[in-house]
Amino acid sequence: MIDGRTYYQVISGQQRGLWAGLLRAILAAAEVPYSWIIQARNRAYDRGTFRTFWVGVPVISVGNLVLGGTGKTPLVAWLAQWYRRQNVHVAILSRGYGALGDTGNDEAAELRRLVPDVPHYQQADRVQAAELAISQNGAQLLILDDGFQHRRLHRDLDLVLLDALEPFGFGHVFPRGTLREPLTELRRAHVLVLSRADLVDEFTRREIEQKARQLNPDALWAEVAYCPQHLVNASGEAAPLSAYRRQNVAAFCGVGNPASFRLTLERHGFRVIAFQEFPDHYRYRPDDLDRLGRWADQLDIKAVICTQKDLVKLGKDFLGKRPLWALVSQIEFLSGQEKLEEKLAALKPKTNTVPPPA
């Protein structure tokens, strides 16, 4: 068994040598049957062999093609806020990976903070969740979080995020790469959104766009950044970014793309002298907090910074003797916002709705 960091180094090609080459060959062999199963499933939906359910209201899916985080939650919140400003009764549906009882998972906690007036249904059967959202809350439009691979529920608009730091999963389906399904499946998307676009240069953005358009020339292209606004602690107190800019800090996170979090901190003036990574959706235990506290106290730092998804699970203002803050970011469109809003406006609920054509 290898840890996540070593696995990443192997599939990305950073790890060299005979052992790494042999492991890549083994992973490539395992990729073949997995890809075949995924493609067979997709073709069954394409042909109508597997049934797709229409629930009577528009559905917008926000998803991605790779394992790990691409910044879906902020975009889901942005969409929900946009429709609420249009006086549309909207609800969010998600599978609830890593949920704890009735409280939901870390993404549910973050969405409650970002869009407290929007109901969020977390369950594996998202068709049933959709029906509940409509019958219990009168939802007129549904946003399907992490829904690109969930094809049982008919959607009217598929938004797929591509992370600018690693948009194409190293060109391989899991386990050889980080793709959930082959790149050719991007053809199903209506909108392609390059997330964290500000973390790469203009030449890299255009390279990514060119490759994406080869796979799907008709999709709308948009680019977004997640711009830090301020810091917040578990008690709800806020602090400006300037409070710790150009000062030594430590940071940690349990998200799908930890490198992007560290890079964001460094790009905005924080001196990250120590950094720890945990698996995505990590459930912190008391001994983790003790260990992190000892780690922080041994460092010459002014504070410890984590993500909001981590903070909601920690519920502490200090790690050891060091103040603990979460970075609060806001999604900002760099391009494509106006055309995306035109598509969103076209989906505003009508008085009379009819099923989509077969």
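Bear in mind that the values here come from a model prediction, so they are computed numbers and not experimental data.

Draft legend 1. Looking closely at the overall build of the protein. Within the protein, the regular secondary structure consists of ten helices and 13 strands. Each principal axis of the C-alpha distribution contributes one length, and for the protein these read about 65 × 55 × 40 Å. Look at the contacts in the protein between residues 6 or more apart in sequence, and 74% of them connect residues 24 or more apart. Carbon and sulfur atoms provide 51% of the accessible area of the protein, an area that totals close to 17,100 Å².

Draft legend 2. Inspection of a nonpolar patch on the surface at higher detail. The grouping of Tyr34, Leu67 and Phe174 at the surface amounts to a nonpolar patch, some 250 Å² of accessible area in total. Inspection of the secondary structure assignment puts Phe174 in the loop between β5 (157-163) and β6 (191-195). The class for Phe174 is partly exposed, based on a relative accessible area of 34%.

Draft legend 3. Structural detail: the pattern of salt bridges. The full count for this structure, using the stated rule, is 22 salt bridges. The partner of Arg262 in a salt bridge is Glu266, with the nearest N and O atoms 3.0 Å apart. Of this pair, Arg262 and Glu266 both sit in helix α7 (residues 258-267), four residues apart, which is roughly one turn of that helix. Here the residues in one salt-bridge network are Arg43, Asp46, Arg151, Glu181, Glu185, Arg187 and Arg188, joined through shared partners.

Draft legend 4. Molecular detail of the nonpolar core. Judged by nonpolar contacts, the single largest core of 32 residues is most densely connected at Ile60, Leu75, Trp78, Leu79, Ile143 and Leu344. The dominant element in this core, judged by the number of residues it contributes, is helix α3 (residues 72-85), at eight residues. Phe278, Trp295, Ile301 and Leu324 belong to the second-largest nonpolar core, a separate cluster that totals 21 residues.

Draft legend 5. View of helix α2 (residues 18-47). With 30 residues, α2 should reach 44 Å at 1.5 Å per residue; the first-to-last C-alpha distance of 44 Å fits that figure. Among the residues making up α2, those that are buried are Ala20, Leu23, Arg24, Leu27, Glu31, Ser35, Ile38, Asn42, Ala44 and Tyr45. Contacts made by the buried residues of α2 are with α1 (4-12). The first or second residue beyond α2 is Gly48, which carries a positive phi of 90°.

Draft legend 6. Geometry of the side chain of Asn64. Here Asn64 shows up in strand β1 (residues 59-64). A relative accessible area of 0% means that Asn64 is categorised as buried. Only 3.3 Å separates the side chain of Asn64 from the backbone oxygen of Val66, close enough to count as a polar contact. Setting aside residues no more than four positions away along its own chain, Asn64 makes contact with Thr70, Lys72, Asp146, Phe148, Gln149, Val160, Leu161 and Arg180.

Draft legend 7. The pairing of strand β11 (residues 303-307), seen in detail. Counted residue by residue, β11 has five buried out of five residues, so it is predominantly covered. Burial of the side chains of β11 extends over both faces: Ala303, Ile305 and Thr307 are buried on one face and Val304 and Cys306 on the other. Pairing of strand β9 (residues 248-253) with β11, which is carried by three bridges, proceeds in the parallel orientation. If you follow Ala251 over to β11, its bridge partner there is Ile305. As paired strands, β11 and strand β13 (residues 322-335) are joined by four bridges and run parallel to one another. Pairing of Ile305 across the sheet is with Trp325, part of β13.

Definitions and cut-offs
Residues numbered from 1 in each chain as written. Predicted model: local features only at pLDDT ≥ 70, side-chain atom pairs only at ≥ 80, totals over all residues. Heavy atoms only, no water. Helix = DSSP H or I, 4+ residues; strand = E, 2+ residues; numbered from the N terminus. Contact = heavy atoms within 4.5 Å. Areas by Shrake-Rupley, 256 points an atom, 1.4 Å probe, with all protein chains shown as cover. Patch = residues over 30% accessible without salt bridge, like charges linked within 9 Å, V, L, I, M, F, W, Y side chains within 5 Å. Salt bridge = Lys/Arg side-chain N within 4 Å of Asp/Glu carboxyl O. Buried < 20%, exposed > 50% of the residue type's maximum accessible area, 1.4 Å probe, protein only. Core = buried A, V, L, I, M, F, W, Y, C linked by side-chain atoms within 4.5 Å. Expected span 1.5 Å × (residues − 1). Polar contact = N/O pair within 3.5 Å; in protein donor to acceptor, adjacent residues only side chain to side chain. Pairing = 2+ DSSP bridges.

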